[in-house]
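So the chains spell out like this:
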Amino acid sequence: MNEDLAKIFYEMAIYLEMDDVLFKPQAYEKAAIGIESLNEDIRDIYKRGGIKELEKIPGVGKNISEKIEEFLKTGRIKEHLLLKKKIPVDLENLMKIEGIGPKKIKELYKKLKIKTVEDLEKAALEKKIRKLENFGEKSEKNILESIAFFKRNKDRFLLHQILPEVKEIVKKLISLKDVKKISIAGSLRRMKETIGDADILVVSDDPEKINEFFISLDGVVKVWGSGKTKSSVRMKRGYDIDLRVVPQKSFGSALQYFTGSKEHNILTRRIAIEKGLKLNEYGLFKGKKMIAGKDEREIYKALGMEYIEPELRENTGEIEAAIKNKLPKLVELKDIKGDLHCHSNWDGGADSILEIAKKAMSLNYEYVGIADHTKFLKIEHGLDERQLILRNKEIDKLNEKIKKENKNFKILKGCEANIMGDGSIDIKDEVLSQMDFVIAGIHSQFKMSKREMTERIIKAIKNPHVDIISHPTGRLINKRDEYLIDIDEIFKAAKETKTVLEINASPYRLDLKDVYIKKAKNEGIKMIINTDAHQLDQMDLMEYGLSQARRGWAEKEDIINTLSLEDIIKFLKEK
DNA sequence: GCCGTTTTCGGCCCGACTGTTTTCAGTCG
């Protein structure tokens, strides 16, 4: 519902932009963002307090709240339909074509009756577009290339599909002697779960040389453009990288600017203006005098606020908190003392328990938890009660060996049991009670009514043997939505029973996600960051879960696998 | 159309690049 409404307001913004209406487009876009970032169904907000309550949504005022009411009552917004009637085109997809914006869409419709991406492709192939005003042969060619990309690649990339390659490129650039400083920027630096394109920022006295090196890197298949200060390329894998070269004295302001988010920047710039200053990518200026810019920290300081970690820069209250000196001290990788969700070769994972333990030790952990699947999950070779007991014996033996070697490390005995359709657990209590910890998760019957699914999970939460709920909302990023659940009720039950909610670090899941993490933290719920590794190298994915936790404002105290070995054993016994 | 610890009126982020022009509009981030 919220997304439907947000989409309508985005569309209205684009239509207004076509007609050169001033400022209204931004207003509608802002409202769309405000609605999109709600954690609550807009129908519930309306039910609670009508128009007055709607007006509390950021970017929503009198006019737009009335339009929301109209939509909730009639399922449509008249003005939107009128705009759409005038130019009835597939805005959503046409806007995804690089180089095509509102004005061009209007022109293409008026002159060539182009309504869809398919129409656009056809017209370009028939060489009709080059004849239009403000278009030419080159833009026609670019349109075709953008359409090819659009078709190949409708979704954004997941973070882990891009981050490692970009880190490699950064390494190559660092090796050049002309590169004085370098950083990843953009949503990649903010560790957003999906990435549209990558940004790299460089300080150099010889920008042209850097740009030249960059556009001829391995893996570059197309150069979109290359100027003195920036180059833009398409990589073989199908995403774009923008490289910007900036002078040393502006590195901080450029990094701040290109890290975003856009909404965060708009607010920081506005605060600059309020203080009689001007902030752009070249620095923070008082009149013509530059007062900050070399590093990010001095900019935030000059704006009268604490330094804000990149993961927080989404304009979700971080700026207000920074002004009041109330930012959280975010959990860090070095705080993580163990991983409680690793699958061994007992359930068809790739590696033995010993290998997993060794890997955990190499990560400087104090413990690792083996959480094999249980019997209901036949396809994953889930263990039954008898096998669990046998496996536990092996773990006991390994622990004795580790103890003899005088290492401060322990393998913890666990399982990832299944929450059945009725909320029961597929392993008998007497065996569950022999575990150091029990994770419970849903691996079947994903489609249930909201009520049923919520009750199912709450029943598992209330089971005294269950310590942790794995991937609590079940989403697969860009693939599968979360289950229909009442997250408030689930949080309430987790709090009452001191059940830990997992932040699953798999880059395909990242579940809980950032907004829920923030909410859970505010409710005082404990969380754990687990990798859910089915093979050793997946244990390195901890950083993705950690970033999600940081994006959710999580501090060390919120995350139980920052506890020492001794303390986590105590914690797990208490439930 | 929204918003306000100066404002209920008068602001609203801003610069680079491209492709089309021949001084600039559109798009992007």
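You'll find the structure just up there.
Criteria and cut-off values
Residues numbered from 1 in each chain as written. Chains lettered and ligands numbered in written order. Predicted model: local features only at pLDDT ≥ 70, side-chain atom pairs only at ≥ 80, totals over all residues. Helix = DSSP H or I, 4+ residues; strand = E, 2+ residues; numbered from the N terminus. Rg over C-alpha atoms; globule rule 2.2 N^0.38 Å. Buried ≥ 20, exposed ≤ 12 C-beta atoms within 10 Å, placed from the backbone. Contact = placed C-beta atoms within 7 Å. Pairing = 2+ DSSP bridges. Right-handed = clockwise from strand over helix to strand, strands pointing away. Axes fitted to C-alpha atoms, helices over the stretch in contact; angles between N-to-C directions. Parallel < 35°, antiparallel > 145°, perpendicular 65-115°, else oblique. Left-handed = near helix turned anticlockwise from the far one by under 90°. Nonpolar A, V, L, I, M, F, W, Y, C, P; charged D, E, K, R; others polar. Near = placed C-beta within 6 Å.

> I'd like a description of the overall build of chain A, backed by residues and values.
In terms of regular secondary structure, chain A is built from 24 helices and 17 strands. Over its C-alpha atoms chain A spans a radius of gyration of 27 Å, differing by no more than 12% from the 25 Å that the globule rule assigns to 575 residues. Over its C-alpha atoms, taken along the principal directions, chain A stretches across nearly 75 × 65 × 50 Å. Classification of the 575 residues of chain A by burial places 43% in the buried group. Within chain A, residue pairs in contact and separated by at least 24 positions form 65% of the contacts whose partners lie at least 6 positions apart.

> Can you explain the pairing of strand β16 (residues 500–504)? Please cite residues and give values.
Burial within β16 is extensive, with five of its five residues counted as buried. Residue alternation in β16 divides its side chains into two sets, Val500, Glu502 and Asn504 and Leu501 and Ile503, and both sets are buried. In this sheet, strand β17 (residues 527–530) lies alongside β16 in parallel orientation, the contact comprising four bridges. Looking at β17, one finds that Glu502 is bridged to Ile528. Following the backbone out of β16, through helix α22 (residues 514–523) and into the adjacent parallel β17, one traces a crossover that is right-handed.

> So, the sheet that holds strand β10 (residues 289–292): which residues are in play, and what are the values?
The pairing of strands in a sheet happens through backbone hydrogen bonds and is either parallel or antiparallel. Across the sheet, three strands lie side by side as β8-β9-β10; this open sheet has antiparallel pairing. In this open sheet, the two strands that pair with only one neighbour each are β8 (278–280) and β10. For this sheet, the mean angle separating the axes of adjacent strands, direction not counted, is 35 degrees. Pairing of strand β9 (residues 283–286) with β10, which is carried by three bridges, proceeds in the antiparallel orientation.

> Please provide a residue-by-residue account of the packing of helix α3 (residues 42–54) against helix α4 (residues 62–74), values included.
Put simply, α3 and α4 touch, their axes get as near as 10 Å, and they point 140 degrees apart. Here α3 lies oblique to α4, going by the angle between them. Regarding α3 and α4, the two cross each other, and that crossing is left-handed. Mapping the contact onto sequence places Ile42, Arg43, Tyr46, Ile51 and Leu54 in α3 and Ser65, Glu66, Ile68, Glu69 and Leu72 in α4. The class makeup of the residues in the contact of α3 with α4 is six nonpolar, one polar and three charged.

> Outline the protein's contact with DNA strand B, supporting the account with residue identities and numerical values.
As a matter of local geometry, DNA strand B sits amid 41 residues, with Gly61, Gly101, Gly136, Gly225 and Gly227 nearest to it. Elements with a minimum of two residues in the surface near DNA strand B: α2 (24–36), α4, α7 (102–112), α9 (137–152), β4 (197–204), β5 (220–226), α14 (262–274) and β8. Take the surface near DNA strand B: its biggest share by element is six residues, from α14. When the residues that make up the surface near DNA strand B are grouped by side-chain class, the tally is ten nonpolar, 15 polar and 16 charged.

> Let's hear about the pairing of β9: which residues, and what values?
Alignment of β8 against β9, held across three bridges, turns out to be antiparallel. Paired with Lys278 across the bridge in β9 is Phe285. Linking β8 back to β9 in an antiparallel pair, the connection comprises two residues. Following β9, the chain reverses through two residues before pairing antiparallel with β10; Gly287 in that reversal takes a positive phi of roughly 60 degrees.

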